[in-house]
Amino acid sequence: MAEIIDFPFSGEDNVGLEREELLRKLNEVRLKIQRLDEEEPEDMESEAYQKWGEAHEDLEDQVDEILECLDEWGLGQP
């Protein structure tokens, strides 16, 4: 299973970030999702799959948060 690196991104941390920084973070998280997808366990009933799914969901939540920030700040979405 791929090593998941914590991505510290919360609404409070976003204040003052520019569009380029948000887009860079968005790209980083999407690349992590892509790498994680390549490591998807076959057994959907396994503990490994459960952990994989939780990690995948966390990364998807981060993407959603970044996109919301871009939208709220009127910075446009990619």
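Source: prediction; values computed, not measured.

> When you look at the environment of glutamine 34 in this model, what are you seeing that I'm missing?
You can see glutamine 34 is positioned in helix α2 (residues 19-38). Residue glutamine 34 is classed as partly exposed on the basis of its relative accessible area of 48%. With 22 residues separating them along the chain, glutamine 34 and histidine 56 place their C-alpha atoms 9.6 Å apart.

> Honestly, the environment of glycine 74 in this entry has me stumped. Any pointers?
Residue placement: glycine 74 occurs in the segment after α3 (47-72). Looking at glycine 74, the relative accessible area reads 61%, which means it is exposed. Between the alpha carbons of glycine 74 and arginine 19 there is a distance of 9.4 Å; along the sequence they are 55 residues apart.

> Would you mind showing me how to read the environment of aspartate 37 here?
Its location among the elements puts aspartate 37 in helix α2. We classify aspartate 37 as partly exposed; its relative accessible area is 38%. Between the C-alpha atoms of aspartate 37 and histidine 56, which are 19 residues apart in sequence, the distance is 8.1 Å. Look past the residues within four positions of aspartate 37 in its chain and what remains in contact with it is Trp52 and His56.

> How should I be thinking about the packing of α2 against α3 in this particular structure?
Two measures define how a pair of helices packs: the angle their axes make with one another and the distance between the axes. Contact geometry of α2 with α3 gives a least axis separation of 10 Å together with a crossing angle of 160 degrees. Classified by the interaxial angle, the pair formed by α2 and α3 is roughly antiparallel. Where α2 crosses over α3, the handedness of that crossing is left-handed. Listed contacts from α3 to Arg19, Leu22, Leu23, Lys25, Leu26, Val29, Arg30, Lys32, Ile33, Leu36 and Asp37 of α2 are Trp52, Ala55, His56, Leu59, Glu60, Gln62, Val63, Ile66, Leu67, Cys69 and Leu70.

Reading the values: the criteria
Residues numbered from 1 in each chain as written. Predicted model: local features only at pLDDT ≥ 70, side-chain atom pairs only at ≥ 80, totals over all residues. Heavy atoms only, no water. Helix = DSSP H or I, 4+ residues; strand = E, 2+ residues; numbered from the N terminus. Buried < 20%, exposed > 50% of the residue type's maximum accessible area, 1.4 Å probe, protein only. Contact = heavy atoms within 4.5 Å. Axes fitted to C-alpha atoms, helices over the stretch in contact; angles between N-to-C directions. Parallel < 35°, antiparallel > 145°, perpendicular 65-115°, else oblique. Left-handed = near helix turned anticlockwise from the far one by under 90°.

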